[in-house]
There are 2 protein chains.
Amino acid sequence: MSQFDTKTRILDAGEHLFARDGFHNTSLRAITSLAKVNLAAVNYHFGSKEALLQAVIERRLLPLNQLRKKQIDAVLAAAAATGAAPSAKALLRAFIEPTLAFRSAGPGAQDFIALIGRSMSEPDETVRNCFIGLVLPNFRLFFESLQLALPQLPSAVLMARVQFTLGAMSHVMCTSHKPIINDPSAPKPLDDTTLIEQLLQFVTSGLEAPQ
Amino acid sequence: MSQFDTKTRILDAGEHLFARDGFHNTSLRAITSLAKVNLAAVNYHFGSKEALLQAVIERRLLPLNQLRKKQIDAVLAAAAATGAAPSAKALLRAFIEPTLAFRSAGPGAQDFIALIGRSMSEPDETVRNCFIGLVLPNFRLFFESLQLALPQLPSAVLMARVQFTLGAMSHVMCTSHKPIINDPSAPKPLDDTTLIEQLLQFVTSGLEAPQ
DNA sequence: CAGCGTTTCAAACGCGTGTTTTAATCGATC
DNA sequence: GATCGATTAAAACACGCGTTTGAAACGCTG
């Protein structure tokens, strides 16, 4: 068993358990036992539990951020080419779609999305700082692009509406698979593609609402 | 020092620390030391740490639920009197406004709102079950009323949009006081009243969006 | 095959946790 | 003022935690 296998298995197990139970409620013993590695392996390969969390988040979030930046830049470039302002919906799609579509990217991806969805309102600084530090540049670009799309909105209002958008998005990210109402009377949840389109429609309409 | 004082001081301290640090990251020693009571007092008066959490949530959520029900019922009654369908915005206001306005209700109220805002996506079942059990009847009434207001929406779509609404709302509840961007360049956050109106405008527009 | 850096392993360390225990103290009632 | 249940207090309990240790096993290189 090579080092690569061990590190990856620890990352996979950590991703799954951090997402399911939260950072503080997940023990290294649970992670190493799920990963079928020795307890000391986490500290040997990553240094600490906290550093493992950082590695878990970085592994997926760095590529995701790159993708989101690429798509936002593409929207901005297309708008610049025609001389028009970028459309809010296109920007929202560039930011939201890669994130949510990522859930179908493979086993563990859905866990990861739930993890970072929850990180946004995480009380613990360990988790929140790790997440916010990684996502901030991306968010800044997103916000500034939206200012171009909706120049008539005061920036404090736009910021509030972007926060609402993030809230709706993160809520979908961490709870879409466990509906609040579990009755037979409750409607069946939408499939992922429809859900993304509905979310886009919802937040676009909210962002563009008259003041 | 009477029993009442002790129990109340424990509830206040628990509310504050659970909201600030999360349930699992808050120790009974931190709570009892903040409340200036003996460590054993929590188990004596409440039975366990988990039962304390339940008491903390119930103390505020039961009256809040009553208020929300009263306001929703009032909107429904007013609509029934005129024979028209209730308006989505009035229902949203009846559900959202008491919750967010509650933050100004006194010291500890803001902590509490953050606590239940986060409970919605809490990974730990201890917290989530306690919260969901209390809020479910209220939520059901809210959802069924919205079906009257927006009868043209398929109920699965409406449910998704209501989830988006809850996400935006809970995100405001637990993060409005700590903005993501902390630059001098970042816009000043809105005051509470404006924030509530903006949230209402946002989610109304999203809920009523064309399909 | 010897030597050596890397990785795995079992065991233990120190610490903080929620809870329980046992005794002391309080406050109302007879 | 004595009595008795309710409350407070200090101490200890058993347990699980993240981390560290030191030796064993591995895999490569000469």
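Preceding this paragraph is the structure being described.
Just so it is clear, the model here is predicted, and its values are computed rather than measured.

(A) Expanded view of the packing of aromatic side chains. This structure, assessed with the given rule, holds nine aromatic pairs over all chains. Ring centres 5.3 Å apart and planes at 50 degrees place the aromatic pair Phe18(A) and Phe23(A) in the tilted group. Owing to a relative accessible area of 1%, Phe18(A) belongs among the buried residues under this scheme. Classification of Phe23(A) as buried rests on a relative accessible area of 10%. Of the aromatic side chains, those joined through ring pairs into one cluster are Phe164(A), Phe202(A), Phe164(B) and Phe202(B). The cationic tip of Lys49(A) hangs over the ring face of Phe23(A); the distance from NZ or CZ to the ring centre is 4.6 Å. Above the face of the Phe46(B) ring, Lys7(B) is positioned so that its terminal group lies 5.5 Å from the ring centre.

(B) Up close: the interface of chain A and chain B. At the junction of the two partners, chain A supplies 51 residues and chain B supplies 50 residues. In total, about 4400 Å² of surface goes out of reach between chain A and chain B, with carbon and sulfur atoms giving 69% of it. Across the chain A-chain B interface, the total number found is zero salt bridges. Counting the contacts that link chain A with chain B gives twelve residue pairs in polar contact (both at pLDDT 80 or more). Of all elements in the fold, only helix 1 (3-21), helix 7 (125-149), helix 8 (155-175) and helix 9 (192-207) of chain A reach the threshold of two or more residues within the side of chain A that touches chain B. Considering each element in turn, the side of chain A that touches chain B owes the most residues, 16 residues, to helix 8 of chain A. Considered class by class, the residues forming the side of chain A that touches chain B number 26 nonpolar, 15 polar and ten charged.

(C) Layout of the environment of Ala41(B). Residues and elements named next belong to chain B. The residue alanine 41 is located in helix 3 (residues 41-45) in this model. Alanine 41 gets classed as buried once you look at its relative accessible area, which sits at 12%. Setting aside chain neighbours within four positions, we find alanine 41 in contact with Thr6, Ile10 and Phe46.

(D) Expanded view of the side chain of Gln198(B). Looking at the element boundaries, Gln198(B) is found in helix 9 (residues 192-207). Not counting residues up to four positions away in its chain, the partners in contact with Gln198(B) are Val157(A), Arg161(A), Phe164(A), Gln211(A) and Leu190(B).

(E) Fine view of the relation of the copies chain A and chain B. Mapping chain A onto chain B is achieved by rotating through 180 degrees and translating by 0.0 Å along the same axis, at an RMSD of 0.1 Å. Expressed as an axis order, the relation between the two copies is that of a two-fold axis. When you check the interface residues of chain A against chain B, 98% turn up at the interface there too, and the contact is symmetric in its surfaces.

(F) Fine view of the packing of helix 8 of chain A against helix 9 of chain A. All names here are of chain A. Axis separation between helix 8 and helix 9 bottoms out at 10 Å; the angle between their running directions is 165 degrees. Overall, the two elements helix 8 and helix 9 adopt an arrangement that is roughly antiparallel. Read as a crossing pair, helix 8 and helix 9 show a hand that is right-handed. Residues Leu158, Arg161, Val162, Thr165, Ala168, Met169 and Val172 of helix 8 pack against Leu195, Leu199, Val203, Gly206 and Leu207 of helix 9. Here the residues of the contact of helix 8 with helix 9 sort into nine nonpolar, two polar and one charged.

(G) Molecular detail of helix 2 (residues 28-35) of chain A. All names here are of chain A. Those residues of helix 2 that fall on the buried side of the exposure criterion are Leu28, Ile31, Thr32 and Ala35. Projected down its long axis, helix 2 shows its buried positions confined to an angular sector of 90 degrees, all on one face. Opposite its buried face, helix 2 presents the exposed residues Arg29 and Ser33, each directed more than 90 degrees away. Phi turns positive one or two residues past the end of helix 2, at lysine 36, with a value near 55 degrees.

Rules and cut-offs
Residues numbered from 1 in each chain as written. Chains lettered and ligands numbered in written order. Predicted model: local features only at pLDDT ≥ 70, side-chain atom pairs only at ≥ 80, totals over all residues. Heavy atoms only, no water. Phe/Tyr/Trp six-rings, centres within 6.5 Å; stacked < 30°, edge-to-face > 60°. Buried < 20%, exposed > 50% of the residue type's maximum accessible area, 1.4 Å probe, protein only. Lys NZ or Arg CZ within 6 Å of the ring centre and 35° of its normal. Contact = heavy atoms within 4.5 Å. Buried area = accessible area lost by both parts, 1.4 Å probe. Salt bridge = Lys/Arg side-chain N within 4 Å of Asp/Glu carboxyl O. Polar contact = N/O pair within 3.5 Å; in protein donor to acceptor, adjacent residues only side chain to side chain. Helix = DSSP H or I, 4+ residues; strand = E, 2+ residues; numbered from the N terminus. Nonpolar A, V, L, I, M, F, W, Y, C, P; charged D, E, K, R; others polar. Least-squares fit on C-alpha atoms with pLDDT ≥ 70 in both. Axes fitted to C-alpha atoms, helices over the stretch in contact; angles between N-to-C directions. Parallel < 35°, antiparallel > 145°, perpendicular 65-115°, else oblique. Left-handed = near helix turned anticlockwise from the far one by under 90°. Arc of directions from axis to C-beta.

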